[in-house]
Amino acid sequence: MFGEMTNGGRIRQSFPGARDLTSTEGSEYGPVEFTREDVDALLHERIKYKSKYNYKERCENTMDYVKRLRLCIRWFQELELDYAFEQEKLKHAMGLNEKHCADLEVSLKEKEVELNLVIHELRKNFSSVQVQLAKEQAEKLAASGSLEKEKEARLAVEKLQAALTEELGKTQGDLQTANQRIQAVNDMYKLLQEYNSSLQLYNSKIQGDLDEAHETIKRGEKERTGIVENIGNLKGQFKALQDQLAASKVSQEDIMKQKDELVNEIVSLKVEIQQVKDDRDRHITEVKNLQAEATKQNDFKGTINELESKCSSQNKELQELQDQLAASERKLQVADLSTFEKMNEFEEQKESIMELKARLEKAELKLIEGEKLRKKLHNTIQELKGNIRVFCRVRPLLTGENSSEEAKTISYPTSLEALGRGIDLMQNGQKHCFTFDKVFVPNASQEDIFVEISQLVQSALDGYKVCIFAYGQTGSGKTYTMMGRPGNPEEKGLIPRCLEQIFQTRQSLRSQGWKYELQVSMLEIYNETIRDLLSTNKEAVRADNGVSPQKYAIKHDASGNTHVVELTVVDVRSSREVSFLLDHAARNRSVGKTAMNEQSSRSHFVFTLRITGFNESTEQQVQGVLNLIDLAGSERLSKSGSTGDRLKETQAINKSLSSLGDVIFALAKKEDHVPFRNSKLTYLLQPCLGGDSKTLMFVNITPEPSSTGESLCSLRFAARVNACEIGTAHRQVNNRPLDNRLSLG
């Protein structure tokens, strides 16, 4: 009804010479114009009557008021119809203009003709508007009905014409503005449709990628199963061939020994034959000499016969020796042939072994690549699901702890599905099985641990919020995992290694135009009180009663970031500066001796690194946050033997960890209310547990049999954490300057 109102909410001013509202002649003597004041007066007019019991007068006044209202409404409707008609006309003309502009690219002459047609049509429209205005002027003049007021009417008509011209300009401007708004709305609608379609395509693509990832994982698992079976078969064949090779070597050695013995025997036989030949020649010579003498002396006939018989026997022995020599030579030839065959078989087996080794190496390489692909796809699926990833680390047995086979309570399944991801715990004869994203055995090194989380650390440089925290009972190795052992480079913890990787990557990205600024803060939550570990004021760090005199408030902004007011923030440029700050914070951190741990952390330690990157070539700006948290260990008073201050610390630690358990339980059940405010720890971790952050938890357990109960509680808590869905992390990219305050995510 009020379509004639301008953008500022003001009713269009009436033409000069508008009739009085009290007149009812609008429908009889021509159109009536209304001003804003007239409309306001009409709407706020109160019907006056002489007597409230004179219903006839009240009805007449009411009917008169209704008539004037109808007249005003009819005027509004007519004016709105005029505007709509003019708008349709101008839209039609705009369509013609667009059509002519499109044809203008085809031919310059056609363009000129079409523009002339449009101009001619616009002129016709303008002339029709002028005719309509002239008719309205004539009606206005006829409605006056007085020749005496002709001059005044002419002046009024001139003024009305000027006002109409001005109003027409305003109307055209308003129409142009309305058309621009309509066009903007249409463009916005098209953009929204394109964005909606792109979102649908992206959603379908993500779903397709997820399905492909599932299929790839299934294929990878099948290939891995086949590869493992092939490796087992190859190992069996390799072992059988090694046994055959060993047997062949033994047989070859026996044959070589027999050959050497036969060669020695042949040599000895040849020597004996040569001796026999020499004896025979000597005997023949003696026989000839004796025969010569026999002719002379017949008395030596007996001796000759004896010598002849001896010579014949020696000939027989010579023949036997020659036969033995021939047999030995035949045996030697057979042995040489067998040796040659064995050597060929040995070479074939050697080639087969080399081929099996190559196949085994390829299979192991495929197995490694398949495991990498499985990890990558698993991480992608976990990120799409938004789950909190959980790694389990079992520390080695310490000196003095029970290391017998009978006392072992922790085992690791060897099945294909749970290999490297499963852990079994025995308690009172009952077996409890758990599966996490990764399980590290006691002999895993700090380097092995860091390799698994290096990609997560890289995400902080890419503009994501990343949170890694260590959980477990006291003495389970949380601080060793996060900080390592000072003075031993090979046993550096996750925090120093993460910083080294970030500084190295920052240096390598300089060639791509990236510049990074890094800010560090460190705090501890001790007895539900926040302490600034980088503060240079010792009184601000710790008072005599163990409570910091300065209050540090936790604030959440509208963007989902968390800030700690008045916390010390230090700009760092090298890993050496951060190492110095870590040493400073370690000296200020609260530690104490208990019955379970000589150096027990008595507070929750939070290390925050805020990363701001800017690319000069693309003018892209990213903001990432890396939170590394070493939680204080849970402990039982019956085992820790804490008293006095240690008792208060234990109670505060257990209360905050219990609040953390309540938060995890609420997140797992997807409850509407999550009790983040129940403790300073959970309130500080709210963006990591309930926001768009990439979160990883290390659950540290001890293999010592007396701690089986605490280890089971830790594993159950970790399983609940692993089931929590906190949403998909989003990259923080913008082109505006960032706030210099340090954020926890």
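Structure shown above.
Described below are features of the structure shown in this document. (Residues numbered from 1 in each chain as written. Predicted model: local features only at pLDDT ≥ 70, side-chain atom pairs only at ≥ 80, totals over all residues. Heavy atoms only, no water.)

Take the sheet that holds strand E2 (residues 410-411) next. Taken in spatial order, the 3 strands make up an open sheet running E2-E3-E4, and their pairing is antiparallel. The two strands at the open ends of the sheet, each matched to only one other strand, are E2 and strand E4 (430-435). Two elements, strand E3 (residues 422-427) and E4, share 6 bridges in a ladder whose sense is antiparallel. Looking across to E4, one finds that Ile423 is bridged to Phe434. Across the sheet, helix H16 (residues 708-722) touches E3 and E4, and the angle it forms with E3 is around 145°. (Pairing = 2+ DSSP bridges. Helix = DSSP H or I, 4+ residues; strand = E, 2+ residues; numbered from the N terminus. Contact = heavy atoms within 4.5 Å. Axes fitted to C-alpha atoms, helices over the stretch in contact; angles between N-to-C directions.)

Helix length check: H16 (15 residues) gives 21 Å between terminal C-alpha atoms against 21 Å at 1.5 Å per residue, within 8%. Judged by how many residues are buried, H16 sits mostly within the fold: 11 of 15 residues are covered. Looking only at H16, the buried set comprises Thr708, Gly709, Glu710, Ser711, Leu712, Ser714, Leu715, Phe717, Ala718, Val721 and Asn722. (Expected span 1.5 Å × (residues − 1). Buried < 20%, exposed > 50% of the residue type's maximum accessible area, 1.4 Å probe, protein only.)

Moving on: the nonpolar core. Core analysis: the largest hydrophobic core is formed by 49 residues, its most contacted members being Cys392, Ile423, Phe436, Leu689 and Met697. With 7 residues, helix H13 (residues 645-668) is the single largest residue contributor to this core. Apart from the residues within four sequence positions on either side, Phe436 is in contact with Val390, Cys392, Arg421, Ile423, Leu715, Ala718, Ala719 and Asn722. In this structure, Leu494, Ile495, Trp514 and Leu628 belong to the second largest nonpolar core, which totals 42 residues. (Core = buried A, V, L, I, M, F, W, Y, C linked by side-chain atoms within 4.5 Å.)

With their axes 9 Å apart at the nearest point, helix H7 (residues 446-461) and helix H9 (residues 494-508) run at an angle of 50° to one another. Between H7 and H9, the angle is such that the two are oblique. The way H7 lies across H9 gives a crossing that is right-handed. On H9, the residues touching Gln446, Glu447, Ile449, Phe450, Ile453, Ser454, Val457, Gln458 and Leu461 of H7 are Leu494, Arg497, Cys498, Gln501, Ile502 and Thr505. Class assignment of the residues belonging to the contact of H7 with H9 gives a composition of 8 nonpolar, 5 polar and 2 charged. (Parallel < 35°, antiparallel > 145°, perpendicular 65-115°, else oblique. Left-handed = near helix turned anticlockwise from the far one by under 90°. Nonpolar A, V, L, I, M, F, W, Y, C, P; charged D, E, K, R; others polar.)

For the rest of this paragraph, the subject is the pairing of strand E8 (residues 529-532). Where burial is concerned, the two faces of E8 agree: the one with Thr529 and Arg531 and the one with Ile530 and Asp532 are both buried. Here strand E7 (residues 514-526) runs beside E8; their pairing, made up of 4 bridges, is antiparallel. By the bridge assignment for E8, Ile525 is matched with Ile530.

What follows concerns a negative patch on the surface. Where like charges cluster on the molecular surface, the negative patch consists of Glu341, Glu345, Glu347, Glu348 and Glu351. Mapping Glu351 onto the fold places it in helix H6 (residues 301-385). For Glu351, a relative accessible area of 55% translates into the label exposed. (Patch = residues over 30% accessible without salt bridge, like charges linked within 9 Å, V, L, I, M, F, W, Y side chains within 5 Å. Areas by Shrake-Rupley, 256 points an atom, 1.4 Å probe, with all protein chains shown as cover. Salt bridge = Lys/Arg side-chain N within 4 Å of Asp/Glu carboxyl O. Lys, Arg positive; Asp, Glu negative; His and termini not counted. Charge placed at Lys NZ, Arg CZ, Asp CG, Glu CD.)

Now for a nonpolar patch on the surface. A grouping of Val263, Val267 and Val271 is seen on the molecular surface, where their side chains present a nonpolar patch of about 210 Å² in accessible area. Mapped onto the fold, Val271 is located in helix H5 (residues 150-296). Residue Val271 is classed as partly exposed on the basis of its relative accessible area of 44%.

Extensive coverage of strand E15 (residues 620-630) is indicated by the burial of 10 of its 11 residues. Bridge count for strand E6 (residues 465-472) against E15 is 6 bridges, and the pairing is parallel. The residue of E15 that forms the bridge with Cys467 is Asn627. In sequence, strand E14 (residues 604-615) turns back onto E15 through a hairpin of 4 residues, with Glu619 there showing a positive phi of about 55°.

The next subject is the side chain of Arg506. Structurally, Arg506 can be placed in helix H9. Contact partners of Arg506, with chain neighbours within four places excluded, come to Tyr516, Leu518, Val572 and Arg573.

Moving on: the pattern of salt bridges. For the structure on display, the rule yields 8 salt bridges. For the salt bridge of Arg68 with Asp64, the shortest nitrogen-to-oxygen distance reads 3.2 Å. Remark: Asp64 and Arg68 occur in helix H3 (residues 55-104); sequence separation between them is 4 residues, near one turn of the helix.

A word on the packing of aromatic side chains. Per the stated rule, a full pass over the model turns up 7 aromatic pairs. Seen in terms of ring centroids, Phe391 and Phe698 are 5.6 Å apart; in terms of plane orientation they differ by 85°. Their pairing is edge-to-face. Taken together, the residues Phe391 in strand E1 (residues 389-394) and Phe698 in strand E16 (residues 694-701) connect sequence positions 307 residues apart. For Phe391, a relative accessible area of 7% gives the class buried. You can call Phe698 buried: its relative accessible area is 0%. An aromatic cluster is built from Phe391, Phe440 and Phe698, whose rings are joined through pairwise contacts. Positioned over the ring face of Tyr464 is Lys694, at 4.2 Å from the centre of the ring. (Phe/Tyr/Trp six-rings, centres within 6.5 Å; stacked < 30°, edge-to-face > 60°. Lys NZ or Arg CZ within 6 Å of the ring centre and 35° of its normal.)

Look at H7: 22 Å from first C-alpha to last across 16 residues, which is about the 22 Å you get at 1.5 Å a residue. Taken together, the buried positions of H7 are Gln446, Ile449, Phe450, Ile453, Ser454, Leu456, Val457, Gln458, Ser459, Ala460 and Leu461. Backbone geometry just after H7 places Gly463 at a positive phi near 105°.

With that out of the way, let us pick up the packing of H9 against helix H11 (residues 575-588). Between H9 and H11, whose axes approach to 10 Å, the crossing angle comes to 160°. Looking at the two axes, H9 sits roughly antiparallel to H11. Here H9 and H11 pass one another in a crossing that is right-handed. For the pair H9 and H11, the contacting residues are Ile495, Leu499 and Phe503 in the first and Ser575, Val578 and Leu582 in the second.

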